[in-house]
Amino acid sequence: TALTMRTSEVEVRFYQQAATALAARIPRCHFADVDVDTARFVLLLEDLSPARQGDQMAGCTVDEAAAALDELAMVHAPRWGDPGLRTLDWLDRRNETGLAFLEALYPGMFAGFAERYGDDLAEPVGRIGEAFFPHVGTYLRLEAPVRTIQHADFRVDNLLYGADDGTRIAVVDWQTVALGPGAADVAYFLGGSVEVDDRRANEKDLLRHYLDHLQALGADGYEFDELWEDYRRYAFAGLVMAVGAAMTVARTDRGDDMFLAMARRAAAHAEDLDALGLLVGA
């Protein structure tokens, strides 16, 4: 729920305390407030019409992905490695109690996910999920050497194309923003929002595009080899989100199609990059 997951509080605090420091195109916030005891909240945001929302099932083109990574670099760079972020308890929410709970929960959720979708579950989702979820605790406890503001749900559905006279992509839905690794956002986005063949053919060029922009914005000391390894390590981000969200939100036909598309792309991503071998040393 919004109360236990703190989603309302997190989004309000983001707009109150963090949004204006970022260079990315984010809707201007005119008013934000939340009652943390009930999760009731008010957000009055800029109207970005006629910008159009992306479509998760269709995914995005390579050019659209590059433009989105420009905005993502502008999310990550301004607070890259900033120790002051650790003082924001709504942002730095990771703790061992929560990690242990998720470690125990996820294998059962994946079993339910596989049973629910059955024959609709395109490979390699089944074999990757069966191999990965017994190790989900190792994944959840990965320690990033550099942390920043991580959107944590950066996908095409949460991007508005054509803001500012068609020149920008606006980033919305900040309910899951966290203190975390920027590479997890990159892996989640490219693994889940770009069709598999397009991603395979353009992956390293898109990563270099992101890194060039990140470095130009002042995020020093992060080189391509480090990004590539982090990108591989966090390739499970899309599968974790697809399974977790599918099994906790109200079920709809569009939701089924979306989670299946996300899981299919993300599992192929993890398999292509041998992310499990990197995670467990296999």
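Calculation notes
- Residues numbered from 1 in each chain as written.
- Predicted model: local features only at pLDDT ≥ 70, side-chain atom pairs only at ≥ 80, totals over all residues.
- Heavy atoms only, no water.
- Pairing = 2+ DSSP bridges.
- Helix = DSSP H or I, 4+ residues; strand = E, 2+ residues; numbered from the N terminus.
- Contact = heavy atoms within 4.5 Å.
- Axes fitted to C-alpha atoms, helices over the stretch in contact; angles between N-to-C directions.
- Phe/Tyr/Trp six-rings, centres within 6.5 Å; stacked < 30°, edge-to-face > 60°.
- Buried < 20%, exposed > 50% of the residue type's maximum accessible area, 1.4 Å probe, protein only.
- Salt bridge = Lys/Arg side-chain N within 4 Å of Asp/Glu carboxyl O.
- Patch = residues over 30% accessible without salt bridge, like charges linked within 9 Å, V, L, I, M, F, W, Y side chains within 5 Å.
- Areas by Shrake-Rupley, 256 points an atom, 1.4 Å probe, with all protein chains shown as cover.
- Polar contact = N/O pair within 3.5 Å; in protein donor to acceptor, adjacent residues only side chain to side chain.
- Parallel < 35°, antiparallel > 145°, perpendicular 65-115°, else oblique.
- Left-handed = near helix turned anticlockwise from the far one by under 90°.
- Nonpolar A, V, L, I, M, F, W, Y, C, P; charged D, E, K, R; others polar.

Chemist: An account of the sheet that holds strand β6 (residues 168-171) is requested, with residue identities and associated values reported.
Modeler: Overall, antiparallel pairing links the three strands, which are arranged β3-β5-β6 in an open sheet. A strand with exactly one partner marks an edge of an open sheet, and here the two such strands are β3 (52-53) and β6. Taken together, the two bridges between β3 and strand β5 (residues 159-162) define a ladder with antiparallel strand orientation. Paired with Gln53 across the bridge in β5 is Leu160. Seen against the sheet, helix α3 (residues 62-76) touches β3, β5 and β6 and runs at an angle of roughly 55 degrees to β6.

Chemist: Got a sec to walk through the packing of aromatic side chains? Specific residues and values, please.
Modeler: All chains considered together, the criterion is met by 15 aromatic pairs. Ring centres of Phe132 and Phe133 lie 4.9 Å apart, and the angle between their planes is 65 degrees; on these two criteria the pair is classed as edge-to-face. For the pair Tyr139 and Phe236, a centre-to-centre distance of 6.2 Å together with 85 degrees between the ring planes defines the contact as edge-to-face. Of the two residues, Tyr139 is situated in helix α6 (residues 136-140) and Phe236 in the loop between α10 (224-233) and α11 (237-246); the sequence distance between them amounts to 97 residues. Assigned by exposure class, Tyr139 and Phe236 land together as buried.

Chemist: Help me get a handle on the pattern of salt bridges, residues and values and all.
Modeler: Inspection of every chain in the model, using the stated rule, returns 26 salt bridges. For Glu103, the salt bridge goes to Arg141, with nearest N and O atoms at 2.9 Å. One end of the pair, Glu103, is in helix α4 (residues 96-117); the other, Arg141, is in the loop between α6 and β4 (148-150), and 38 residues separate them in sequence. Its relative accessible area of 32% is what places Glu103 among the partly exposed residues. Under the relative-accessibility criterion, Arg141 is labelled partly exposed at 27%. Connected via shared salt-bridge partners are Asp197, Arg199, Arg200, Glu203 and Asp272.

Chemist: Run through a nonpolar patch on the surface, naming residues and quoting values.
Modeler: Taken together, the side chains of Phe31, Val42 and Leu44 present a nonpolar region at the surface, about 280 Å² in accessible area. Within the secondary structure layout, Val42 lies in strand β2 (residues 40-45). Given a relative accessible area of 45%, Val42 falls into the partly exposed group.

Chemist: Got a sec to walk through the side chain of Ser193? Specific residues and values, please.
Modeler: With respect to the helices and strands, Ser193 occurs in helix α8 (residues 182-193). Among the polar contacts listed, one links the side chain of Ser193 to the backbone nitrogen of Val156, at a separation of 3.1 Å. Excluding its chain neighbours within four sequence positions, the residues that come into contact with Ser193 are Gln56, Gly59, Cys60, Arg155, Val156, Tyr188 and Arg265.

Chemist: I'd like a description of the packing of α11 against helix α12 (residues 253-272), backed by residues and values.
Modeler: How two helices sit against one another is set out by the angle between their axes and by the gap between those axes. It is at 8 Å that the axes of α11 and α12 come closest, and there the two elements cross at 155 degrees. Taken together, the axes of α11 and α12 lie roughly antiparallel to each other. Of the two elements, α11 crosses α12, and the hand of that crossing is left-handed. Contacts between α11 and α12 involve Gly238, Leu239, Met241, Ala242, Ala245 and Ala246 from the former and Phe259, Met262, Ala263 and Ala266 from the latter. Among the residues making up the contact of α11 with α12, the classes are represented as nine nonpolar, one polar and no charged.

Chemist: Summarise the environment of Asp55; cite the residues concerned and give the values.
Modeler: Inspection of the secondary structure assignment puts Asp55 in the loop between β3 and α3. Taking the relative accessible area as the measure of exposure, Asp55 reaches 35% and is therefore partly exposed. Distance in space between the C-alpha atoms of Asp55 and Leu160 is 9.9 Å, their sequence separation being 105 residues. Those residues within four positions of Asp55 in sequence are excluded, and the remaining contacts are Val156, Asp157 and Arg254. Separated by 3.0 Å, the side chain of Asp55 and the backbone nitrogen of Met57 make a polar contact.

Such coordinate-based values are descriptive only and should not be taken to indicate function.
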